[in-house]
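# Descriptive structure summary
The primary structure of each chain is shown beneath.
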Amino acid sequence: MDRVYEKVLRCRESVRKKVDFTPKAGLVLGSGLGNFAEQIQVEAELAYSEIEGFPVSTVPGHEGRLIFGHLGEMPIVCMKGRVHFYEGYDMTDVVLPVRLIRLLGAEILFLTNAAGGVNPDFRAGDLMLITDQISCFVRNPLIGPNEEELGTRFPDMSAIYDGGLNDVIRTVAGEQGIALKEGVYVQLTGPSFETPAEVRMLRALGADAVGMSTAVEAVAARHAGLRVCGVSCICNQAAGLTENPLCHEEVQEAADRAALPFTKLVKESIRRFR
Ligand code: HPA
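Keep in mind the model is a prediction, meaning the values are calculated, not measured. (Residues numbered from 1 in each chain as written. Predicted model: local features only at pLDDT ≥ 70, side-chain atom pairs only at ≥ 80, totals over all residues. Heavy atoms only, no water.)

### Overview of the site of the ligand
Going by this rule: Here a residue counts as near a molecule or strand whenever at least one of its heavy atoms sits within 4 Å of it. Within 3.5 Å is the distance limit for a polar contact, defined as a pair of N or O atoms, with the added protein rule that one can donate a hydrogen and the other accept it, and that residues adjacent in sequence qualify only through two side-chain atoms. With residues, only the protein chains shown are counted as cover, and all accessible areas are computed by Shrake-Rupley using a 1.4 Å probe. Helix and strand assignments follow DSSP, with helices taken as H or I runs no shorter than four residues and strands as E runs no shorter than two, numbered in order from the N terminus. Only Asp, Glu, Lys and Arg are considered charged in this grouping, and only Ala, Val, Leu, Ile, Met, Phe, Trp, Tyr, Cys and Pro are considered nonpolar; every other residue, Gly among them, is considered polar.
Around the ligand, the structure places A114, A115, G116, F193, E194, V210, G211, M212, N236, L246 and V251. At a separation of 3.3 Å, a nitrogen atom of the ligand approaches a polar backbone atom of G116. Separating a nitrogen atom of the ligand from a side-chain N or O atom of E194 is a distance of 2.8 Å. Across the complex, the protein chains shield 95% of the 260 Å² of accessible surface that the ligand would expose by itself. Residue assignment for the shell around the ligand shows that the elements contributing at least two residues are β5 (108-117) and β8 (209-211). Here the element with the most residues in the shell around the ligand is β5; it accounts for three residues. In terms of residue class, the shell around the ligand is made up of seven nonpolar, three polar and one charged.

### Considerations on helix α1 (residues 4-18)
Put simply, the test is: Take the number of residues in a helix, subtract one, and multiply by 1.5 Å to get its expected span. Note on definitions: a residue-residue contact is assigned when non-hydrogen atoms from the two residues lie within 4.5 Å.
Between its first and last C-alpha atoms α1 spans 22 Å; for 15 residues at 1.5 Å apiece the expected length is 21 Å, and the two agree. Those residues of α1 that are buried are in contact with β2 (41-47), β3 (65-71) and α3 (96-103).

### Describing the side chain of N146
The cut-off we apply is this: For each residue, the accessible area found with a 1.4 Å probe, counting protein chains only, is set against the maximum for its type, and the residue is called buried under 20%, exposed over 50%, and partly exposed in between.
Tracing the backbone through its elements, the reader meets N146 in the loop between β6 (127-134) and α4 (163-176). The exposure class of N146 is buried, given its relative accessible area of 17%. Of the polar contacts made by the side chain of N146, one reaches the side chain of E148; its length is 3.0 Å. Discounting chain neighbours no more than four positions away, the residues touching N146 are G151, T152, R153 and H223.

This is the structure in C-alpha cells:
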C-alpha cells in the first residue's frame, strides 16, 4: 500500500510542475463562499483533476479548483470545493488537501462550512466562530501508520482552534459590525440530516452547530502543525428545533444570503493574520 505521505508528496510535485507559489495561509471554502475567489488577486489556478492523486468530487458541476493568489499582502491558497466522507472516499483522501496545503508551505488554515444550528439561540444566517469541536462520531483521519514526516502519533488537541487567530476574527467582526456567535462544532458523517433525538443528544453533549465536513480537516491540520481557525455559517436550525423538514436547497439559500458578511469577515481576517 502506498504511504499517505508519499501520495501527498506526489500531489505537491504535480502542483509544483505547474504553479510556483508559496502560500502562507490556506482557506477551505464552504457553502456561502462559493464566489470568494472574486476577492483574491489570483496568480494561478488548477482544477483538482489536474493534480495527480487529488480527490475529485463525483458530483457533476462540483469540480473543484485550487486558487493561488493574494488577499492584501497575504499569499493564500484557496480550496474551492471539498470532498466529503459520505461520498465514499477514504478518510485519508478526505484530508489529503489539508496536508497538501501544509506541504505547499502554509502555516495557517482557515476552515469554513455550512452547519445546522443545535444551540436554540442560533438562527439561519448566523455566523459562528468555532472555538472547539467534537469529532469522535467520525473516523479519525490519523488512523493508520503514523506519517512521522507530517506529525506525531498522539498529537495534542487541547487547543485545536488557535487563540490568536480567533482574536483577530473577533476583532474584525466587532469593527465591521458583523454579529458573530461562538461555539462547539460537531461533525457527523451524514449524508442524512440528524433526527430530532440525535440533535437533542448533540446539544446535551455540548455542541452548538452540526455539520459533515470540518472536524476531521481540523484534526489532520493540527497533526501537521497548521494553526487552525474556522467559521460556520448556520444555514438552518437543526432537526426538531423547528417544524420544518430540512432540505439541501434551504441550506444553500441561507448560505447564499449570508455570503456578504461571511466574505467580509474571512477576507479582512486573513489580511490581518500574522
Ligand atoms: N446538519 C448537518 N449538516 C448540515 C446541516 C444540518 O442541519 N445544515 C448544513 N449542514
